[in-house]
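In case you want the letters, here they are:
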Amino acid sequence: MKRFDAAGADLVPGQRVRVRVTQQHSWGVMVEILGHESISASIDGAAIDSPSGAGRAWLGEYPAVGTEVDAVVQEIRRWSPLAWVRLTIRSQDLHSFQWLCDFCGTPTVLSPGGDGVVMDVRSADGPGSHAIATHRECLRSRLHESSSEHARVDSVGRR
Ligand SMILES: [Zn+2]
């Protein structure tokens, strides 16, 4: 049996992708991620720039159905079925996507070249996973001195 939490394993928060809008709703838009069409995905109105300068976009300001746009993976929800990807198309997030570090509570940059990484927490008890965002430094500083993982925390994704 395939675990539902295997869905979207090839996506990571901070990753830039191309999406096509498939439906508009009052809360935001449903999209398909090009190359990852099998996983459900959406963009909340709060993750869309409002042309009128408001804090969030509203129905009528959302990109039209059929539109293709660049987006950044914000969160991959795999806590319970269905697996679900939430994305952002805010210009500031496309420039540099930040999320709060679960260790120190301050923002970390998950975009390429940033100071953050994401850990997927999984268990042999059963399917389901969740993600911990952290500065590389916050994670490395919490490893025991006898751990052999320090260098891997520094280098993962960078070679
Ligand atoms: Zn931190």
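Everything discussed here concerns the structure shown above.
Residues numbered from 1 in each chain as written. Predicted model: local features only at pLDDT ≥ 70, side-chain atom pairs only at ≥ 80, totals over all residues. Heavy atoms only, no water.

A. Geometry of the overall build of the chain. Scanning the chain from N- to C-terminus turns up three helices and nine strands. Reading the helices (α) and strands (β) of the chain from amino to carboxyl end gives β-β-β-β-β-α-β-β-β-β-α-α. In terms of C-alpha radius of gyration, the chain reaches 17 Å, essentially the compact-globule figure of 15 Å for 159 residues. A burial count over the chain gives 36% of its 159 residues as buried. The contacts of the chain with a sequence gap of at least 6 include a subset with a gap of at least 24, amounting to 52%. Of the roughly 9,100 Å² of accessible surface on the chain, 53% is carried by carbon and sulfur atoms. (Helix = DSSP H or I, 4+ residues; strand = E, 2+ residues; numbered from the N terminus. Rg over C-alpha atoms; globule rule 2.2 N^0.38 Å. Buried < 20%, exposed > 50% of the residue type's maximum accessible area, 1.4 Å probe, protein only. Contact = heavy atoms within 4.5 Å. Areas by Shrake-Rupley, 256 points an atom, 1.4 Å probe, with all protein chains shown as cover.)

B. Up close: the coordination of the zinc ion. The protein atoms donating to the zinc ion are Cys101 (SG), Cys104 (SG), His135 (ND1) and Cys138 (SG), with metal-donor distances spanning 2.1 to 2.4 Å. Coordination geometry of the zinc ion: the four donor atoms subtend angles of 102 to 118 degrees at the metal centre, consistent with an arrangement described as tetrahedral. Each donor residue of the zinc ion belongs to the same chain, and together they define the spacing C-x2-C-x30-H-x2-C. On the criterion of sequence distance, the pair formed by Cys101 in the loop between β6 (98–100) and β7 (107–109) and His135 in strand β9 (residues 126–135) is long-range, its members being 34 residues apart. Here the two residues Cys101 and His135 agree in accessibility, since each one is buried. (Donors = N, O, S within 2.8 Å, 3.2 Å for Na, K, Ca; no water. Tetrahedral: all angles 85-135°; square planar, octahedral: opposite > 155°, others 65-115°.)

C. Molecular detail of the packing of aromatic side chains. All chains considered together, the criterion is met by one aromatic pair. A cation over a ring is seen here: Arg56 above Trp58, with NZ or CZ 4.1 Å from the ring centre. (Phe/Tyr/Trp six-rings, centres within 6.5 Å; stacked < 30°, edge-to-face > 60°. Lys NZ or Arg CZ within 6 Å of the ring centre and 35° of its normal.)

D. Structural detail: the sheet that holds strand β4 (residues 68–77). Reading around the barrel, the five strands line up as β1-β2-β3-β5-β4 and close back on themselves, with mixed pairing between neighbours. Each neighbouring strand pair of the sheet contributes to a mean axis angle of 50 degrees, computed without reference to strand direction. Bridge count for strand β2 (residues 28–33) against strand β3 (residues 36–44) is five bridges, and the pairing is antiparallel. Residue pairing across strands places Val31 opposite Ala41, the latter belonging to β3. (Pairing = 2+ DSSP bridges. Axes fitted to C-alpha atoms, helices over the stretch in contact; angles between N-to-C directions.)

E. Broad picture of the nonpolar core. Ranked by internal contacts, the top residues of the largest apolar core, which has 22 residues, are Val19, Ile33, Ile43, Val85 and Leu87. The set of elements that each furnish at least two residues to this core consists of β1 (16–24), β2, β3, β4 and β5 (84–88). No other element matches the four residues that β4 contributes to this core. In this view, Val85 contacts Leu11, Ile33, Ile39, Ser40, Ala41, Ser42, Val73, Glu75 and Ile76; residues no more than four positions away in its chain are not counted. (Core = buried A, V, L, I, M, F, W, Y, C linked by side-chain atoms within 4.5 Å.)

F. Seen up close, the pattern of salt bridges. One pass over the full model with this rule turns up 14 salt bridges. Where Arg3 meets Asp5, a salt bridge forms, and the shortest distance between an N and an O atom there is 2.8 Å. Using a relative accessible area of 3% as the deciding quantity, one classes Asp5 as buried. Note that Asp93 is salt-bridged to Arg90, the shortest N-O span being 2.7 Å. Taken together, the shared-partner salt bridges connect Arg16, Arg18, Arg20, Glu32, Glu68 and Asp70 into one network. (Salt bridge = Lys/Arg side-chain N within 4 Å of Asp/Glu carboxyl O.)

G. Local environment of the layout of surface pockets. Of the pockets and cavities examined, the largest pocket occupies roughly 420 Å³. In terms of lining, the largest pocket is formed by 19 residues, of which the most central are Gly116, Val117, Arg136, Val156 and Gly157. Counting residues per element, the ones that place at least two in the lining of the largest pocket are β8 (116–123) and α2 (136–142). With four residues, β8 is the largest single contributor of residues to the lining of the largest pocket. Class assignment for the residues of the lining of the largest pocket results in 10 nonpolar, seven polar and two charged. Empty space within the second largest pocket amounts to approximately 240 Å³. (1 Å grid on protein atoms, 1.4 Å probe; cavity = no way out; pocket = protein on both sides within 12 Å on 5 of 7 lines; lining within 4 Å. Points joined across faces, edges and corners; volume = space filled by probe spheres on them. Nonpolar A, V, L, I, M, F, W, Y, C, P; charged D, E, K, R; others polar.)

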